[in-house]
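Each chain, written out:
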Amino acid sequence: QVQLVESGGGLVQAGGSLRLSCAASGRTFSSYAMGWFRQAPGKEREIVAAISSSGANTYYADSVKGRFTISRDNAKNTVYLQMNSLKPEDTAVYYCAARHISTGWGPDGKYDYWGPGTQVTVSS
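Source: prediction; values computed, not measured.

**Quick word on the environment of N57**
- Along the chain, the position of N57 falls in the loop between β5 (46-51) and β6 (58-60).
- Relative accessible area serves as the criterion here: at 37%, N57 is assigned to the partly exposed category.
- Considering only alpha carbons, one finds N57 and W105, 48 residues apart in sequence, at a separation of 8.9 Å.
- If sequence neighbours within four positions are ignored, N57 has contacts with A50, I51, S52 and W105.

**As for the state of the cysteines**
- The tally for this structure, following the rule as stated, stands at one disulfide.
- Across the disulfide from C22 sits C96; the S-S distance is 1.9 Å. Note on the C22 and C96 pair: the S-S dihedral is about 45°, so by sign convention the disulfide is right-handed. Here C22 is found in strand β3 (residues 18-24), whereas its partner C96 is found in strand β9 (residues 92-100), with 74 residues between them in sequence. As far as burial versus exposure is concerned, C22 and C96 are alike and both buried.

**A look at the side chain of S21**
- Relative to the assigned elements, S21 resides in strand β3.
- With residues near it in sequence (within four places) discarded, S21 still touches V5, E6, S7, W36, T78, V79 and Y80.

**Quick notes on the sheet that holds strand β1 (residues 4-7)**
- Strand order across the open sheet formed by four strands is β1-β3-β8-β7, with antiparallel pairing between neighbours. A single partner strand is all that each edge strand has here, and the edge strands are β1 and β7 (68-73). Neighbour to neighbour, the strand axes of the sheet diverge by 15° on average, direction disregarded.
- Sheet topology places β3 next to strand β8 (residues 78-83); six bridges connect them, and they run antiparallel. Of the residues in β8, the one forming a bridge with L18 is M83.

The rules we used
Residues numbered from 1 in each chain as written. Predicted model: local features only at pLDDT ≥ 70, side-chain atom pairs only at ≥ 80, totals over all residues. Heavy atoms only, no water. Helix = DSSP H or I, 4+ residues; strand = E, 2+ residues; numbered from the N terminus. Buried < 20%, exposed > 50% of the residue type's maximum accessible area, 1.4 Å probe, protein only. Contact = heavy atoms within 4.5 Å. Disulfide = S-S within 2.5 Å. Pairing = 2+ DSSP bridges. Axes fitted to C-alpha atoms, helices over the stretch in contact; angles between N-to-C directions.

Structure, rendered in structure tokens:
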């Protein structure tokens, strides 16, 4: 079992930055690949970024490539999403999610554990 809690969301002006954090419980964080997802009102949830269990591999959705950076600190059981050059269309609830390394990593496949989400609002 992995429990996830996101933090760092808030209200920011367009062009600004936020850093989201996701703290994981348990002693086997390094056995899980992680992902950040978002869901805007009236839209389906979409993956934003993903990172392998070691942090050596990353994936970004085209809409955030070059603006967002995913990273992780396995010693702190935490994954981060640095968001720069934010746009109003980035407004959404952001969720972190985990999947065991035996199921792979990346945008495809099933994530088994989810945090409650944190709201990000970008004003124009």
